[in-house]
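A closer look at the structure
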Amino acid sequence: MKKLLLLFLAFIAHCLLPTANLFSQSPQQMNYQAVVRNSSGNPVANNTPVKLRFSIHDGSPTGTVVFNETQSTTANQFGLVNVQIGQLGNLAVVSWGFGAKYLQVETDINNSGTFTDMGNSQLLSVPYALYAANSNAGPAGPTGAQGIQGPTGLSGAAGATGATGLNGQNGNTGATGLNGNTGDTGPIGPTGAGGGATGPTGVNGNTGDTGPTGANGQNGAAGPTGAVGATGATGLLPNGTTAGNTTYWNG
């Protein structure tokens, strides 16, 4: 196959401006751009498949590989490829603040299955956002003045009441315990002493004689009927009493 040349046009971690957004948390990626050329020095055709294998070595060009990923892309009409190193891997695992780092780039054109080593170059300037992710923290700055308290936000809507859970099953009734043994009958206590002795029965007296029945007396004669007494005078009627056609007034 034709020998292909890969010309680096821009590489973020080497000497150009970082594209990581330095606001809040920066993305763990670095832009990589290159023109892929054939052995005649001409850019490859539009839509040519290109695989790029990136390896970062620690300390020297042949040092321990601390990062590795392979990306598939296609060249544009100028033979240009654009990818982001770290798009598939995790650049946060690289300790940028300790020792030199070297980037090795390998290419596979038209999915040949064979990678060509394009060389190894030292990363001379690491983007600040990537270094800050695993560098030692600087001294804390002075505490700023307390800002004015903002207005109280609106209360959020009450969440829906969750469904009532199912009642658990009643447990099985435990077995009835065995009846205890009947206790022994206690001994009968001694009989108490009896009462005093019964006195002797007195002698019955003699029955007297029954007297004779007396004779019935005679009925007396009936007395004569007494004379009828004279009729008394008529008493005065109360004032205003009317009898017949006469009204009586006394006095």
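Now for a description of the structure that goes with this document. (Residues numbered from 1 in each chain as written. Predicted model: local features only at pLDDT ≥ 70, side-chain atom pairs only at ≥ 80, totals over all residues. Heavy atoms only, no water.)

A few words on the overall build of the protein. Looking only at helices and strands, one finds one helix and nine strands in the protein. Looking at the protein residue by residue over its 251 residues, the buried ones come to 20%. Pairs at least 24 apart in sequence give 58% of the contacts found in the protein among residues at least 6 apart. Element-wise, carbon and sulfur atoms account for 52% of the exposed surface of the protein, whose accessible area totals about 19,500 Å². (Helix = DSSP H or I, 4+ residues; strand = E, 2+ residues; numbered from the N terminus. Buried < 20%, exposed > 50% of the residue type's maximum accessible area, 1.4 Å probe, protein only. Contact = heavy atoms within 4.5 Å. Areas by Shrake-Rupley, 256 points an atom, 1.4 Å probe, with all protein chains shown as cover.)

The subject of this paragraph is the sheet that holds strand β6 (residues 101-109). Whether parallel or antiparallel, the strands of a sheet pair through hydrogen bonds between backbone atoms. Judged by pairing direction, the sheet is antiparallel, and its four strands sit side by side in the order β4-β3-β6-β7 without closing on themselves. The open sheet terminates on both sides in strands that have one partner only, identified here as β4 (64-74) and β7 (116-122). Across the sheet, the mean angle separating the axes of adjacent strands is 20° when strand polarity is ignored. Pairing of strand β3 (residues 49-58) with β4 involves 10 bridges; the strand directions are antiparallel. Considered in β4, the bridge of Arg-53 is made with Thr-70. (Pairing = 2+ DSSP bridges. Axes fitted to C-alpha atoms, helices over the stretch in contact; angles between N-to-C directions.)

For the structure on display, the rule yields one aromatic pair. When the centroid spacing of 5.0 Å and the interplanar angle of 70° are considered together, the rings of Tyr-32 and Phe-54 count as edge-to-face. Taken together, the residues span a long stretch of sequence, with Tyr-32 in strand β2 (residues 30-37) and Phe-54 in strand β3 at a distance of 22 residues. Phe-54 shares its class with Tyr-32; the two are buried. (Phe/Tyr/Trp six-rings, centres within 6.5 Å; stacked < 30°, edge-to-face > 60°.)

Time to look at the side chain of Glu-106. Mapping Glu-106 onto the fold places it in strand β6. Sequence-distant contacts of Glu-106, that is, excluding residues within four places in its chain, are made with Lys-51, Leu-52, Arg-53, Ser-55, Phe-115, Thr-116, Asp-117 and Met-118.

As a further point, take the pattern of salt bridges. Within this structure, the stated rule accounts for two salt bridges. Taking the shortest distance from any N to any O, the salt bridge between Arg-53 and Glu-106 comes out at 2.9 Å. Pair noted here: Arg-53 is in strand β3 and Glu-106 is in strand β6, with a separation of 53 residues, a long-range link. For Arg-53, a relative accessible area of 24% puts it in the partly exposed group. Here Asp-58 makes a salt bridge to Lys-101, at a shortest N to O gap of 3.1 Å. Of this pair, Asp-58 sits in strand β3 while Lys-101 sits in strand β6; the two residues are 43 residues apart in sequence, bridging distant segments of the chain. (Salt bridge = Lys/Arg side-chain N within 4 Å of Asp/Glu carboxyl O.)

All right, on to the side chain of Lys-101 then. Taking relative accessible area as the criterion, Lys-101 reaches 3% and is therefore assigned buried. From its side chain, Lys-101 meets the backbone oxygen of Ser-95 in a polar contact 3.0 Å long. Of the polar contacts made by the side chain of Lys-101, one reaches the backbone oxygen of Gly-99; its length is 3.0 Å. Residue contacts for Lys-101: discarding those within four places in its chain leaves Ile-56, His-57, Asp-58, Val-94, Ser-95, Trp-96, Ser-121, Gln-122 and Leu-123. (Polar contact = N/O pair within 3.5 Å; in protein donor to acceptor, adjacent residues only side chain to side chain.)

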